[in-house]
Amino acid sequence: MNTVTLKQNLIKFQSIIALAAMCIALSLLSDRFLTPENTWNVMRQISVNVIISVGMTLVILTGGIDLSVGSILALAGAVTAGMLKFGAEFTDANLYIGFTLLGALIGGTLTGTLLGWFNGFTITRFKVPPFVATLAMLTIARGLTMLWTGGFPITGLGDNMAFIGTGWLLGIPMPVWISAIIVLAAVVLTNQTMLGRHIYAIGGNETAARLSGLKIKRIKTIVYSIAGALAGIGGIIVTSRLDSAQPNAGFGFELDSIAAVVIGGTSLSGGKGTIMGTVQGALIIGILNNGLVLLNVSPFWQQVIKGFVILLAVVIEKFNSKEE
Amino acid sequence: MEKQNNIPRPVLEVRNISKDFSGVYALQNVDLEIFPGEVTAIIGENGAGKSTLMKIISGVYPEYEGDVLLNSEKVAFNNPKEAGEQGVVIIHQELNLVPHLSITENLFLGIEKTNRLGLLDYAAMNKQAKALLSRLHLDISPSTPVNQLRVGQQQLVEIAKALLLDSKVLIMDEPTSAISDQEVELLFKIIRELRSKGVAIVYISHKLNELFEIADRYSVLRDGRSMGSGQMKGVTHDQLIQLMVGRDLTNSFQKANTMSTTEVLRVENLTVQNPQNKNDLLVDDVSFTLHEGEILGICGLMGAGRTEVLEAIFGLYPKHVSGKISIGGKELKIRRVNDAIAAGIALVPEDRKLQGLVLNMSVAKNTSMASLEQISSFSFIRKKKEEELSELFIKKLSTKVASSNQTVGKLSGGNQQKVVIAKWLATNPRILLLDEPTRGIDVGAKSEIYRLINELAAQGMGIIMVSSELPEILALSDNILVLSESRLAATLSRTEATEEIIMKAALKEKE
Ligand SMILES: Nc1ncnc2c1ncn2[C@@H]1O[C@H](COP(=O)(O)OP(=O)(O)OP(=O)(O)O)[C@@H](O)[C@H]1O
Ligand SMILES: [Mg+2]
C-alpha cells in the first residue's frame, strides 16, 4: 500500500519535482540564476505565456486547439496602441475621437474577444475543425495587424501605458499581478463553476454531454472568446513592455502556449488537465529558456532542447496514465 | 478424444489467481477449470470480478498473481493477440469496435487478407464477412460503418469477429445483454455447434434462464472469491442466487397500479427517416399516449425501431422527424435535446459508454451532469450537495464503488449502468425514457431498479421502457407497444399481454 501511495504522489507532483530539480541544477551551474532580479525577470517573461496558456488550456480541455493566439495578440496590441496614439479620425465627418488609456485597453481586449468569438462561431456554426478555423484566423489576424499598422511599429505610448508591462506594485511586477489574477479566476472557473464542469464534460465525451443537455455550441463559443480575450490582454502587456506595438509581435506564441499546456499534463484529446498544471508547464519552459540563456547555450540548440523537453514530458505523462 | 481415460481434462485452468488495482483486490485466490466441449457459466453480482478474471485469461491484464494453464502448461500472455494465437479468444462486455471503419474492416482488423500484390483483398474479406453475418441473421451490408449500427447489432459484429478466429477457448462476456430473444437463439445455435466441435466456451450472463438453457457447468464469484462450481444439471435457480449473493433474495416484486387518467405525453404519427437514407423509415407512423404514473413497455426485435422512438422524442433526429408530439396537452416542437429536457423529458440511452458517461470523470460528476443547476448557486457548484446527491443514488441503486470520487471508467459494467440511471433520475423528470435500463445489471440489483421505477411511477412520472427482456416488460408495464419493422404491430394492455402474443406480433411482417 505504502509504495503505491508514494508512487502516486511522485506522479502527482512530477512537474513540481521537475521544476525543483531544474532550479537546483541551474543554481549550481550559474550564480546569476537564483538572484531576485533574475527571478522576477523570469516571472515577468513567462506571465504573457501563462495568460495565453490559460485560454489555451480551456480550449484544449474541450478537445479543441487555438493556433490564432499569437496573431490575435499582435492585433489587439496594435489596436490598443493605435487607439491610444491616434484615436479614431473620420475626415469625412470632420470628427476626431481620442481615447483614454482605459478606452484603449478595453478596445484591445474587445478586439481579442471578438476574434476569439469568430473562431468559436465558425467552429460551432459551420463545423470547421478547430485546427483549420484557428489556422485561418492566424493568417487573418496577422493580415489585419499589417493593415492596421501599415507594417510599421506604433511607438511612444506614454508612461501610463508603460506601467502595465514594466511597473511594480507592492514589490511585484504588474504583469505577474495580472497573470496571477487570471490564473486564480481560471482555477475557480474550472473547479467550482458549471461552465468549468461543462468544459471538462464536452472534452471527455461530447455525445454524452450533448445528451445531458449541455449547450455545446454556446460553451465552445464562450471558451474561444475567452481565449481571444486573454490573447488580447497578452497583447496589451507585450505592447506596453516594449512601448511599441510590433506588427510581428506574438509570432510563434501559440507553440509555446501549446507546449506549456501539454507539459502541464493536459491531454490534447480533451477532458483531462488543470490550470495549475499549465502554469507549471509555462514555468518549466520559462526557466528552461532563461537557464539556457544564462548558460550561453546557442539559440539553435535552445530550440532543439526545448523540443526534446516537450517530447519527454508527454512520454512521461503517457507512461504514467498507463501505470494507473 | 481426451475422454478415453474417462476423466475429462480441462483445457484451461486458473490456479490461485489474485489481482489488485492500486491496492484494492478485485480477485483473490480464484480457481477455475474450463473443459473442452462444454459451456462454463461464470456468474456473480456486478463487480464480483468476472470481467477481470476473463481479461487475465485472455491476456488483457498481463500482471497478476497465480497461474493460468493451457493444456496443463503454464502460459503468460502479454496481450490479447498472443492469447488469440494460442486459441484463447474473448468477446468483451464493452463494445470495442472502431466506429468509422466498416463491419468488414472491423472483423479483419489485424488479420487483414491481402492479394498477391500485397493490397487489401476487399472482395474476399467482404465475401467471408457476408457469410458470417448471414450466419448470425444480420441482414446488413458488410461495408456499413459500425457507427451506424445499433448496440445490439454491434454486439453481433463482436461475436462474428470472434467466430472468425479459430478458437479453442471462446470467452463471451455478456454477449446477449443488448440483443433480443431471437438473436439469442441464433447465438445458442452457434454455441452448440462450436461445443460439439470441442471448443470450450466461457459464458457470462446475468440472465440466469439463459444459463440453464446453454451451460453445462457453472462457477460462482462473489467479491472476487470463488464460491463454488459444479454441473448445471441438478442445481436450482435459487441455489445459484444463494451462492452469488450469500443470502436468499426475496425477489417478489409486486407491481402497484399507479396509472392515472391524466395524459402526459401524446405521440401522433411519429415517423423517423434514416438520416443516411431518406427512403428508409426507422419509425413508421407510430402513435400512442402516455399517462401520469403509467409504465409503457416497448418491445420488438432488434432493428424494429424501439430505440429510435425514444430518441425521436428526445430530439436526436431534429431534421428527420415528422408527426406530432404533445406534452400535457400542448404540442411541442422538439428541435434539439435541450427542448426535450426543458419539457421534463429524460432519456437513459442504450449505449452507456458512448452516450451515457464521461468515462474519465468521477461517479459524482457523472451523476450530477444533467442536474448541475439543482446543486449550484449562482453557477457555482456546491461540492457537498453534489456528493450527497451521488451518495444518495449509490445507496438507492446499491452501486458498488470505492467512493463517489472513483473514476466511472474503472467500475464494472453493471455499476457503470447504474451511474447512467442515477444521472437521469437525479433530474427528476416528468417523463422518463428508459432504453434497456437493466442491461448488464445483476439479478439482485434488477429488482431494486424495478422497485425504483415503480416508485417513480407512483409519484406520477410517466415512464416509457424499451427492453429486450420480455419478463421485465411484462412485470412492469401497464401497457405494451410491440414494434415490428418500424411499425406499431400491437398495443396491448397489461391484462391481455403474454409472451406468446408479443412474440407473434413482433414477428409480424410488413404486408
Ligand atoms: N481498471 C480498473 N481499475 C480499478 N478497479 C477496477 C478496474 N477494473 C475493474 N475494477 C474493479 O474490480 C471489480 C471487479 O470488476 P469486474 O469488471 O471484473 O466485475 P464484473 O463481475 O465483470 O461485474 P459486471 O457484472 O458489472 O460486469 C470492481 O469492483 C471494479 O470496480
Ligand atoms: Mg463485467
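As the structure is a prediction and not an experimental result, all values here were calculated from the model.

**What to know about the coordination of the magnesium ion (ligand 2)**
All names here are of chain B.
- The magnesium ion (ligand 2) binds to the protein through Ser51 (OG) and Gln93 (OE1), with metal-donor distances spanning 2.0 to 2.2 Å. Here Ser51 is found in helix H1 (residues 50–57), whereas its partner Gln93 is found in the loop between strand S6 (88–91) and helix H3 (103–107), with 42 residues between them in sequence. With respect to burial, Ser51 and Gln93 carry one shared label: buried.

**Here we look at the domain arrangement of chain B**
All names here are of chain B.
- Once the domains are mapped, chain B shows domain 1 (3–245), domain 2 (249–344 + 431–511) and domain 3 (352–428).
- Centre-to-centre separation of domain 1 and domain 2, based on C-alpha positions: 32 Å.
- Contacts between domain 1 and domain 2 engage 23 residues on the former and 21 residues on the latter.
- Across the interface of domain 1 and domain 2, roughly 1800 Å² is buried in total on both sides, 56% from carbon and sulfur atoms.
- Counting across the domain 1 and domain 2 interface gives two salt bridges.

**Quick notes on the site of ligand 1**
Residues and elements named next belong to chain B.
- Near ligand 1, the surroundings consist of 20 residues, among which Lys50, Ser51, Thr52, Ser412 and Gly414 are the closest.
- Separating an oxygen atom of ligand 1 from a backbone N or O atom of Ala48 is a distance of 3.2 Å.
- Here an oxygen atom of ligand 1 and a side-chain polar atom of Lys50 are 2.7 Å apart.
- Relative to its unbound accessible area of 640 Å², ligand 1 is 86% covered by the protein chains.
- The element contributing the most residues to the shell around ligand 1 is H1, with three residues.
- Across the shell around ligand 1, the residue classes break down as five nonpolar, ten polar and five charged.
- No fewer than three residues from each of domain 1 (3–245) and domain 3 (352–428) sit in the shell around ligand 1.

**With respect to the UniProt feature "transmembrane region" (unreviewed entry) in chain A**
Residue and element names in this part refer to chain A.
- Per the UniProt record, the feature "transmembrane region" (unreviewed entry) sits at residues 12–29, 50–75, 95–118, 130–148, 168–189, 222–242 and 275–294.
- In residues 50–75, helix accounts for 73% and strand for 0%; the two terminal C-alpha atoms are 19 Å from one another.
- Within residues 275–294, the helical portion is 100% and the strand portion 0%, while the C-alpha atoms at the span's ends are 28 Å from each other.

**A word on the pairing of strand S10 (residues 225–231) of chain B**
Residue and element names in this part refer to chain B.
- As paired elements, strand S9 (residues 217–222) and S10 share six bridges and run antiparallel to each other. Bridge pairing in S10 places Leu221 opposite Ser226.
- Where S9 folds back onto S10 in an antiparallel hairpin, the turn is made up of two residues, including Asp223, whose phi is positive at roughly 45°.

**Side note on the sheet that holds strand S14 (residues 321–327) of chain B**
Residue and element names in this part refer to chain B.
- Across the sheet, which stays open at both edges, the four strands sit in the order S12-S11-S14-S15 with antiparallel pairing between neighbours. Edge positions in the sheet fall to strand S12 (277–291) and strand S15 (330–331), since each has one partner strand and no second.
- Strand direction decides the pairing type here: S14 and S15, joined by two bridges, are antiparallel. Paired with Ser326 across the bridge in S15 is Glu331.
- Contacts between helix H9 (residues 306–313) and the sheet are confined to strand S11 (263–274), S12 and S14, with S11 contributing the most and set at about 115° to the helix.

**Description of unusual backbone geometry**
Residue and element names in this part refer to chain B.
- Not every positive phi belongs to a glycine, and Glu174 is a case in point at roughly 50°.
- Along the chain, Glu174 falls in the loop between strand S7 (169–173) and helix H6 (181–196).
- A positive phi is found at Ser486, a non-glycine position, where the angle reads about 75°.
- You can see Ser486 is positioned in the loop between strand S21 (479–484) and strand S22 (487–493).

**Topic: the side chain of Lys220(A)**
Residue and element names in this part refer to chain A.
- Among the secondary structure elements, Lys220 is positioned in helix H11 (residues 216–242).
- Classification of Lys220 as buried rests on a relative accessible area of 14%.
- Contacts of Lys220, omitting those with residues within four sequence positions, involve Thr124, Ile202 and Glu206.

**Things to note about the side chain of Ser244(A)**
All names here are of chain A.
- Structurally, the position occupied by Ser244 is in strand S6 (residues 244–245).
- Under the relative-accessibility criterion, Ser244 is labelled buried at 4%.
- Apart from the residues within four sequence positions on either side, Ser244 is in contact with Pro153, Ile154, Thr155, Leu157 and Thr239.

**Observations regarding the interface of chain A and chain B**
- Listed as interface residues are 25 residues of chain A and, on the opposing side, 31 residues of chain B.
- The junction of chain A with chain B conceals about 2100 Å² of combined surface from both sides, 60% of it contributed by carbon and sulfur atoms.
- In terms of surface lost to chain B, no three residues of chain A exceed Met194(A), Arg197(A) and Leu211(A), which account for 35% of the buried area on that side.
- Between Glu386(B) and Arg197(A) there is a salt bridge, with its nearest N and O atoms 2.6 Å apart.
- Taken together, the elements giving at least two residues each to the side of chain A that touches chain B come down to helix H1 (2–12), helix H8 (174–192), helix H9 (194–204) and helix H10 (206–211) of chain A.
- No other element matches H9(A), which puts six residues into the side of chain A that touches chain B.
- Of the residues belonging to the side of chain A that touches chain B, the class tally is nine nonpolar, eleven polar and five charged.

**Quick look at a nonpolar patch on the surface**
- Residues Trp301(A), Val304(A), Ile305(A), Phe308(A) and Leu311(A) make up a contiguous nonpolar surface patch of roughly 520 Å² in combined accessible area.
- Within the element layout of this structure, Leu311(A) appears in helix H14 (residues 299–323).

**Quick notes on the confidence of the model for chain B**
Residues and elements named next belong to chain B.
- Within chain B, residue pLDDT values average 88, and 97% of them lie at 70 or more.
- Least confident of the elements in chain B is helix H5 (residues 151–164), whose mean pLDDT is 84; most confident is helix H12 (residues 363–368), at 95.
- Here the predicted complex carries an ipTM of 0.85, next to a pTM of 0.86.

**Re the pattern of salt bridges**
- Applying the stated criterion to the full structure yields 20 salt bridges over all chains.
- The residue Asp256(A) makes a salt bridge to Lys306(A) at a minimum N-O spacing of 3.3 Å. Placement of Asp256(A) in helix H12 (residues 253–263) and of Lys306(A) in helix H14 is noted, with a sequence separation of 50 residues between them.
- We classify Asp256(A) as partly exposed; its relative accessible area is 24%.
- On the basis of relative accessible area, Lys306(A) is assigned to the partly exposed category, the value being 21%.
- Between Lys74(B) and Asp67(B) there is a salt bridge; the shortest N-O distance is 3.3 Å.

**So, a positive patch on the surface**
- The grouping of Arg125(A), Lys127(A), Lys215(A), Lys217(A), Arg218(A), Lys319(B), Arg335(B) and Arg336(B) at the surface amounts to a positive patch.
- Relative to the helices and strands, Lys217(A) is located in helix H11.
- Looking at Lys217(A), the relative accessible area reads 48%, which means it is partly exposed.

**Thoughts on H12(A)**
Residue and element names in this part refer to chain A.
- Burial runs high along H12: eight of the eleven residues are buried.
- By the burial criterion, the buried members of H12 are Glu254, Ser257, Ile258, Ala259, Ala260, Val261, Val262 and Ile263.
- Following H12 by one or two positions, Gly265 has its phi on the positive side, about 95°.

**Considerations on the packing of aromatic side chains**
Residues and elements named next belong to chain A.
- Using the criterion set out here, one finds seven aromatic pairs over all chains in the structure.
- With centroids separated by 6.0 Å and ring planes inclined at 85°, the aromatic side chains of Trp40 and Trp168 adopt a geometry described as edge-to-face. Of this pair, Trp40 sits in helix H3 (residues 36–61) while Trp168 sits in strand S4 (residues 168–169), placing them 128 residues apart in sequence.
- Among the residues examined, Trp40 registers a relative accessible area of 25% and is labelled partly exposed.
- When the ring of Trp117 is compared with that of Phe121, the centres are 5.1 Å apart and the planes differ by 15°; the resulting orientation is stacked. With Trp117 and Phe121 both in helix H5 (residues 101–125), this residue pair falls four residues apart, about one helical turn.
- When its relative accessible area of 37% is taken as the criterion, Trp117 is described as partly exposed.
- Among the aromatic residues, those joined into a cluster by ring pairs are Trp117, Phe118, Phe121 and Phe126.

What counts and how
Residues numbered from 1 in each chain as written. Chains lettered and ligands numbered in written order. Predicted model: local features only at pLDDT ≥ 70, side-chain atom pairs only at ≥ 80, totals over all residues. Heavy atoms only, no water. Donors = N, O, S within 2.8 Å, 3.2 Å for Na, K, Ca; no water. Helix = DSSP H or I, 4+ residues; strand = E, 2+ residues; numbered from the N terminus. Buried < 20%, exposed > 50% of the residue type's maximum accessible area, 1.4 Å probe, protein only. Domains from an automatic or database assignment. Contact = heavy atoms within 4.5 Å. Buried area = accessible area lost by both parts, 1.4 Å probe. Salt bridge = Lys/Arg side-chain N within 4 Å of Asp/Glu carboxyl O. Near = heavy atom within 4 Å. Polar contact = N/O pair within 3.5 Å; in protein donor to acceptor, adjacent residues only side chain to side chain. Areas by Shrake-Rupley, 256 points an atom, 1.4 Å probe, with all protein chains shown as cover. Nonpolar A, V, L, I, M, F, W, Y, C, P; charged D, E, K, R; others polar. UniProt positions renumbered as here; feature names shortened; annotations may be inferred. Pairing = 2+ DSSP bridges. Axes fitted to C-alpha atoms, helices over the stretch in contact; angles between N-to-C directions. Patch = residues over 30% accessible without salt bridge, like charges linked within 9 Å, V, L, I, M, F, W, Y side chains within 5 Å. pLDDT = per-residue confidence, 0-100. Lys, Arg positive; Asp, Glu negative; His and termini not counted. Charge placed at Lys NZ, Arg CZ, Asp CG, Glu CD. Phe/Tyr/Trp six-rings, centres within 6.5 Å; stacked < 30°, edge-to-face > 60°.

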